[in-house]
Amino acid sequence: MKFIKSIIPLILAVVVTFALHTTWGTLPPFGKLLSPFHGFWVNAEKASSEEVNEEILTIPGLQKPVKVIYDEMAIPHIFAENDHDLYLAQGYVTAKDRLWQMEFQTHFAGGRISEIVGDKGLASDQFQRRMGSVYGAEQSFEGMKEDPQAKIALEAYADGINAYISSLSERDLPLEYKLLNYKPEPWTPIKSALFLKNMSFVLASGTDDLKMTNILRQYGREVAEDLFPNYPFEESPIIPTGSPIDFKPVPIPAAPKDFMGLGSAMTTPEKDPNIGSNNWAVSGNKTVSGMPILANDPHLTLSLPSIWYQVQLVAPGVNVYGSTMPGTPNVITGFNKNIAWGVTNVGSDVLDWYQVKFKDASKREYWHDGKWKKTKLRIETFKIKGKKDFVDTVFFTHHGPVVYLSHEKAFKSNIPVGHALRWIAHEKSQELTTFYKLNRAKNYADYTDALRFYSAPAQNFVFASNEGDIALWVNGKFPLKSKLQGKYLMDGTDAAADWKGFIPQAHNPHVKNPVRGFVSSANQFSTDPSYPYYLGWQYAPSERGRRINERLTAMQKVTIDSLRGLQNDNYNIRARKLLPLLLAKVKGNEKALAELKNWNLQNGPESIAATIFETWVLTLQSFLWDDEFDADVKVPMNRPAVDRTIHLIEYESAARWWDDVKTKGKKETMQDILTSSFKASLDTLVKHHGPMGPEWAWHKHKQTGVRHLIPGMDALSRLHIPVGGGGTMVNATTTKTGPSWRFIVELSKTGNPKAFGIYPGGQSGNPGSSHYDDLIDTWAKGELKPLLYLDNPNQSSNRIRKKLTLSK
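Residues numbered from 1 in each chain as written. Predicted model: local features only at pLDDT ≥ 70, side-chain atom pairs only at ≥ 80, totals over all residues. Heavy atoms only, no water.

## Some points on helix α9 (residues 189-203)
- Its 15 residues give α9 an end-to-end C-alpha distance of 22 Å, which sits within 8% of 21 Å, the value for a rise of 1.5 Å per residue.
- For α9, the buried fraction is high: 13 of the 15 residues fall into the buried class. (Helix = DSSP H or I, 4+ residues; strand = E, 2+ residues; numbered from the N terminus. Expected span 1.5 Å × (residues − 1). Buried < 20%, exposed > 50% of the residue type's maximum accessible area, 1.4 Å probe, protein only.)

## Digging into the packing of aromatic side chains
- A complete count under the given rule lists 31 aromatic pairs for this structure.
- Ring centres of F228 and F629 lie 6.3 Å apart, and the angle between their planes is 75°; on these two criteria the pair is classed as edge-to-face. Of this pair, F228 sits in the loop between α11 (221-227) and β4 (276-282) while F629 sits in helix α18 (residues 608-629), and the two are 401 residues apart along the sequence. The exposure classification of F228 matches that of F629, with both residues buried.
- Here the aromatic rings of W741 and F743 are separated by 5.2 Å at their centres, their planes lie at 15°, and the arrangement is stacked.
- Among the aromatic residues, those joined into a cluster by ring pairs are Y219, F228, W625, F629 and W657.
- K363 extends its terminal NZ or CZ atom over the ring of F358, reaching a point 6.0 Å from the ring centre.
- Looking at K802, its charged tip hangs above the ring of Y70, at a distance of 5.6 Å from the centre. (Phe/Tyr/Trp six-rings, centres within 6.5 Å; stacked < 30°, edge-to-face > 60°. Lys NZ or Arg CZ within 6 Å of the ring centre and 35° of its normal.)

## Comments concerning the packing of helix α12 (residues 431-440) against helix α13 (residues 444-451)
- Between α12 and α13, the least distance of the axes is 8 Å, while the angle of their chain directions is 170°. One finds that α12 runs roughly antiparallel with respect to α13. Packed against α12, whose contacting residues are T434, K437 and L438, the element α13 presents Y447, D449, A450 and L451 at the interface.
- Per-class residue counts for the contact of α12 with α13 are 4 nonpolar, 1 polar and 2 charged. (Axes fitted to C-alpha atoms, helices over the stretch in contact; angles between N-to-C directions. Parallel < 35°, antiparallel > 145°, perpendicular 65-115°, else oblique. Contact = heavy atoms within 4.5 Å. Nonpolar A, V, L, I, M, F, W, Y, C, P; charged D, E, K, R; others polar.)

## Quick notes on the confidence of the model for the chain
- Looking at the chain, pLDDT values average 92 and 91% of them are 70 or higher.
- Taken as a whole, residues 35-39 scores under 50 in pLDDT and shows 12 contacts with residues more than four places along the chain or in a different chain.
- The model gives residues 265-271 a pLDDT under 50, and that stretch makes 22 contacts with residues more than four places away or in other chains. (pLDDT = per-residue confidence, 0-100.)

## As for the pairing of strand β16 (residues 419-423)
- Among the 5 residues that make up β16, 5 are buried, leaving the element largely enclosed by the rest of the structure.
- Residues of β16 alternate between two faces, with H419, L421 and W423 on one and A420 and R422 on the opposite face, all of them buried.
- Bridge count for strand β11 (residues 351-355) against β16 is 5 bridges, and the pairing is antiparallel. Across the sheet, the residue bridging to L351 is W423, located in β16. (Pairing = 2+ DSSP bridges.)

The following block contains the structure:
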């Protein structure tokens, strides 16, 4: 008995030791994770001091020494003697700060998450590859390599990343590798192409063809076109109405015959509709300084580590500052001594689906243009952590991949089965050349030359120069199609439905030095209906663009600070139109109605009225449209937009849509739907927040957060951020999306530009660093940080904190 008692602690110790050092499924060995020598403890970093630290590192592959100056925000300013060393150093310092993020995002883009998390990631991986993510990256990579300068940048950038990876011991690995129990692999240049291609998945993969076809089949073309019009009732397009065109249009292809495609009955969550952006440039005749000022704030999913990474790149022929995305060389949005540029998403229709007719079950042939044609097969092998490899076969027609066969279940509800995908993201492209040239551009001619190489995702490139020019190009590679071609699913057997080439790049919508003194974009329609080519029928709601143009038209004596105020504008232009219509027809809770009547229409953080209004709009949309267009009606469909609802309230009070067809023996009126939706919205708020009071504040209801890339990792996230705004405001901050990088630049003829910027996060991807999320509070307050633009590595500044010499 005594022996047994003495041996039990030993057995328990052995069991615990075994458990702590054993991998359980996809979980890491907890002993290893908790180890004071190798675990997460070693990822803690000391806060930086005001003393300037100097360090020398040997980096293989360099041709000459490189100087890296770090400022108080831990932003690297890289000084090199040639392009090769510049991009090698950029790869090295970016990996030093963001290695896990870079690799995780390219694993996701390449359909390789199951290698990290096991079979629960397989469906997502399969979707990515079947949509052609790797195939598209391969095509882009071939295009990039055709430019010798881009090839040098890609290869040197990869060498820099690998130099950092090879310097790491197991204890030095970023925290997320320890949490997920895997190690980094060597970086290859195609990963940068894959990262850039993933931006097309984020920004140019929206597709409503299937849902619109379901509506077409259910209600007919007249209803589909009436409820989903091809131009908004109110709009202020990117290219000002009446702007002359400076080209002779090429002939428009004839429209294919009408086609009633097959529908679908599957529903799943889809992409966030709030991803968008703002940019504008104001001419010197409207500014205090007499020089142009440019502003940009791309709206993306708010995440930690931050989407963007600030850097200054200096070498012979280039001195550029701005933000890039970890995983790709150059600066994507920024400025140099002579110009500034920024981007917003276009959102044009560059993705179409073609219903495929296979010859037989082998799917080796398909019918097109009156004959059987051979399919091509692509074999995709998935390595799954803890499981055997999974092999998948993807069939390609001349249009592109058949993403899901007719008997399969699609990963997302807007993806049709039995259809081939034609998508601009599958084309050979040279986006890297565009950014390489923009980084070095000196004037408008250089800017337009750089844009010639850009394909996807299409962006509104805003521009300003110290020569006084401002401009905006709606730029990308746009298919040449007949009007509305691709609004619905198309017949894959009909050659007339194929894309017929591309709109000439010089014919893309553009404007230079307009009389109104500014250019701007906010993802709204690119042009008015007079533009000769078809770009798409559906863009972001018009409110942000209208508000920006309204404010910029009225503004005089513009400064950086006044444009900072515009970036943070919380005015609800939708409420200005809709709220009086609602209040005139609804009676009910007097306290809530009084709050709305006294509202200043600002979606400020503490506003209770903003919470009531935004909740009411969502509830009204549901009450009005879900009986006919909800997933419960057997096939997924779009709801008509709020713009269409407003028009219905104004002009169609007796429309059939006001009746709830699910209620038996009663016919609802507009008054019934407006009143019941108001009451239901208040009931919802009481249920979630208690009686009307401070807990109904807009920021408490909206719950903006900057979340870690690993879902559910709240400990590494910043939640409950007290910020106002909303999806249709200029300050488009929602629960999960918002301004991911705000910057403003004022050009100068004689000195360096004045620039300010901020993003919701920090330079470091290490949660143990003081620079992991140190900029979030400043961002939430709507403030900007001055950006340090250096001319040489020996320049003195009290903002410099570290000097790093990279030697060969």
